[in-house]
Amino acid sequence: MTQTIHLTRPDDWHLHLRDGAALQTVVPHSAAQFGRAIVMPNLQPPITTAAAALAYRARIQAAVPPGVQFEPLMTLYLTDNLPAAEIKRAVEAGVVAVKLYPAGATTHSDAGVTDVRKTYKTLEAMQRAGMPLLLHGEVTAPEVDIFDREAVFIERQLIPLRHDFPELKIVLEHITTREAVQYVHAADRFTGATLTAHHLLFNRNALFTGASGAGLRPHYFCLPVLKREAHRQALLQAASSGSSKFFLGTDSAPHAAHLKESAAGCAGCYTAHAAMELYAEAFDGVGALDKLEAFASFNGADFYGLPRNTGTITLKREAWTPPVSFAFGAALLKPLRSGEVLPWRMV
Ligand code: NCD
Ligand code: ZN
Ligand code: ZN
């Protein structure tokens with residue numbers, strides 16, 4: 001049994017850091033593990049200009065502990081009105097990607113896209129500039145069952161979009177279904193996908209059952225929602241297949257505990273405090289620890305056309321219990337599996 005693994009320092013290609021006091025808690029967690037992270041722009045108000053992205057980057061950098069190397073890679077939030085001219089300014093400012101949230105699909109998506117055709121001029125500018133489009137790939141049509149929203153998005157939105165923009169780099173974020181895995185496997189080199197640790201570790205039963213018996217467990221609620229076991233198996237196969245199209249994106253999405261433990265609990269799981277430990281557990285579970293490094297440290301950088309990191313990290317098979325909660329401004333932040341023992345530990 002493997003006891004210790006050494007990996008090239010990994011990157012997180014999908015991360016929520018929020019803003020203000022929250023940065024003091026969550027930035028050090030990600031910076032301890034990852035060399036870089038793609039920072040999602042779904043603040044309130046969202047990051048829709050290169051200037052706002054630069055100011056946000058400076059606030060994040062100010063929360064990186066002294067002596068730690070961590071590079072936030074910034075993104076813009078696509079709206080129906082994001083001018084094509086902003087793409088040029090974004091490229092010049094070092095912004096690396098643009099995120100599409102269908103309006104109403106997820107946390108802080110009210111300013112999102114109501115009809116993708118309204119954004120075509122901007123997407124043309126992105127295709128020309130080689131700037132990736134990152135997708136929250138779920139339809140919002142109320143008649144579509146919440147468990148089918150990703151598969152229906154691929155049929156109704158992604159296939160036509162790809163037809164109209166054959167060379168636009170697209171990342172299908174936080175994929176959760178067999179259909180998404182099949183789509184990405186069959187696609188060409190302009191398409192990639194991120195996978196979260198929680199979708200690799202849990203199926204939808206986790207929302208309703210646990211060690212303590214039946215109960216609704218809001219800390220397992222995220223979007224896209226956890227799916228059936230057959231889908232989880234497809235995700236594990238994709239992550240450990242050796243295909244360079246699949247890479248690590250935690251989608252660590254902190255919310256104050258009281259806003260998750262509520263009658264209308266927020267969507268998002270916090271995993272940044274133990275991200276690599278959770279991925280190691282998932283890969284170990286299918287005997288694929290040897291595939292973790294490419295998934296976590298190579299494939300994403302290669303897709304984005306960025307250099308791979310040079311340092312290394314070490315993970316040990318060693319049981320430990322992360323803190324039950326963290327300070328989160330004036331509130332509390334409860335991580336996924338709060339209070340539970342994890343089998344892997346980063347040293
Ligand atoms: C994310 C958040 O809280 O910002 N929530 C989530 O459930 N994943 C938004 C997102 O990535 O869809
Ligand atoms: Zn999302
Ligand atoms: Zn996200």
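Here, the structure is the one placed above.
1. Section: the overall build of the protein
Looking only at helices and strands, the protein has 11 helices and 15 strands in total. Summarising its shape, the C-alpha atoms of the protein cover approximately 50 × 45 × 40 Å along the three principal directions. Within the protein, the fraction of its 347 residues that count as buried is 48%. Relative to all contacts within the protein whose residues are 6 or more apart in sequence, the contacts with residues 24 or more apart total 72%.

2. A few points about the site of ligand 1
Taken together, His-16, Asn-42, Thr-106, Thr-107, His-108, His-136, Cys-222, Leu-223, Asp-251, Ala-253, Ala-267 and Gly-268 make up the full set of residues near ligand 1. Residues belonging to the shell around ligand 1 are distributed by class as follows: four nonpolar, seven polar and one charged.

3. Here's the deal with the sheet that holds strand E8 (residues 191–195)
Across the sheet, which stays open at both edges, the eight strands sit in the order E2-E3-E4-E5-E6-E7-E8-E11 with parallel pairing between neighbours. Here the strands that pair on one side only, and so sit at the sheet edges, are strand E2 (12–15) and strand E11 (246–248). With direction set aside, neighbouring strand axes in the sheet form an average angle of 30°. With three bridges joining them, strand E6 (residues 133–135) and strand E7 (residues 170–172) adopt parallel strand pairing. Of the residues in E7, the one forming a bridge with Leu-134 is Val-171.

4. What to know about the packing of helix H5 (residues 149–164) against helix H6 (residues 178–186)
When two helices pack together, their arrangement is given by the angle between the helix axes and the distance between those axes. Where H5 meets H6, the closest approach of the two axes is 8 Å, and the angle between their N-to-C directions is 35°. Seen from H5, the contacting residues are Glu-150, Ala-151 and Ile-154; seen from H6, they are Glu-179, Ala-180 and Tyr-183. The residue inventory of the contact of H5 with H6, partitioned by class, reads four nonpolar, no polar and two charged.

5. Observations regarding the sheet that holds strand E1 (residues 4–8)
One open sheet accounts for three strands, arranged E1-E12-E15; its pairing is antiparallel. The two strands at the open ends of the sheet, each matched to only one other strand, are E1 and strand E15 (342–346). Taking each pair of neighbouring strands and ignoring which way they run, the sheet shows an average axis angle of 30°. Two elements, strand E12 (residues 312–320) and E15, share four bridges in a ladder whose sense is antiparallel. For Leu-315, the partnering residue across the bridge sits in E15 and is Met-346. Along the sheet, helix H10 (residues 275–285) contacts E12 and E15; its crossing angle with E15, the most-contacted strand, is approximately 130°.

6. Describing the environment of Phe-221
You can see Phe-221 is positioned in the loop between strand E10 (213–214) and helix H8 (229–239). Phe-221 gets classed as partly exposed once you count the C-beta atoms within 10 Å, which come to 18. Taking the C-alpha atoms as reference points, Phe-221 and Leu-292, separated by 71 residues in sequence, lie 25 Å from one another.

7. Let's talk about unusual backbone geometry
The omega torsion across Gln-44 and Pro-45 is 0°, close enough to zero to call that bond cis. With respect to the element layout, Pro-45 can be found in the loop between strand E3 (36–39) and helix H2 (50–61). Geometrically, the link from Leu-223 to Pro-224 is a cis peptide bond, its omega value of -10° lying close to zero. Structurally, Pro-224 is set in the loop between E10 and H8. Here the phi dihedral of Asp-251 falls at roughly 55°; this positive angle occurs in a residue that is not glycine. By the element assignment, Asp-251 lies in the loop between E11 and helix H9 (257–260).

8. Description of the environment of Asn-205
On the secondary structure map, Asn-205 appears in the loop between helix H7 (197–201) and strand E9 (209–210). Exposure remark for Asn-205: the 12 C-beta atoms within 10 Å place this residue in the exposed category.

What counts, and at which threshold
- Residues numbered from 1 in each chain as written.
- Chains lettered and ligands numbered in written order.
- Predicted model: local features only at pLDDT ≥ 70, side-chain atom pairs only at ≥ 80, totals over all residues.
- Helix = DSSP H or I, 4+ residues; strand = E, 2+ residues; numbered from the N terminus.
- Buried ≥ 20, exposed ≤ 12 C-beta atoms within 10 Å, placed from the backbone.
- Contact = placed C-beta atoms within 7 Å.
- Near = placed C-beta within 6 Å.
- Nonpolar A, V, L, I, M, F, W, Y, C, P; charged D, E, K, R; others polar.
- Pairing = 2+ DSSP bridges.
- Axes fitted to C-alpha atoms, helices over the stretch in contact; angles between N-to-C directions.

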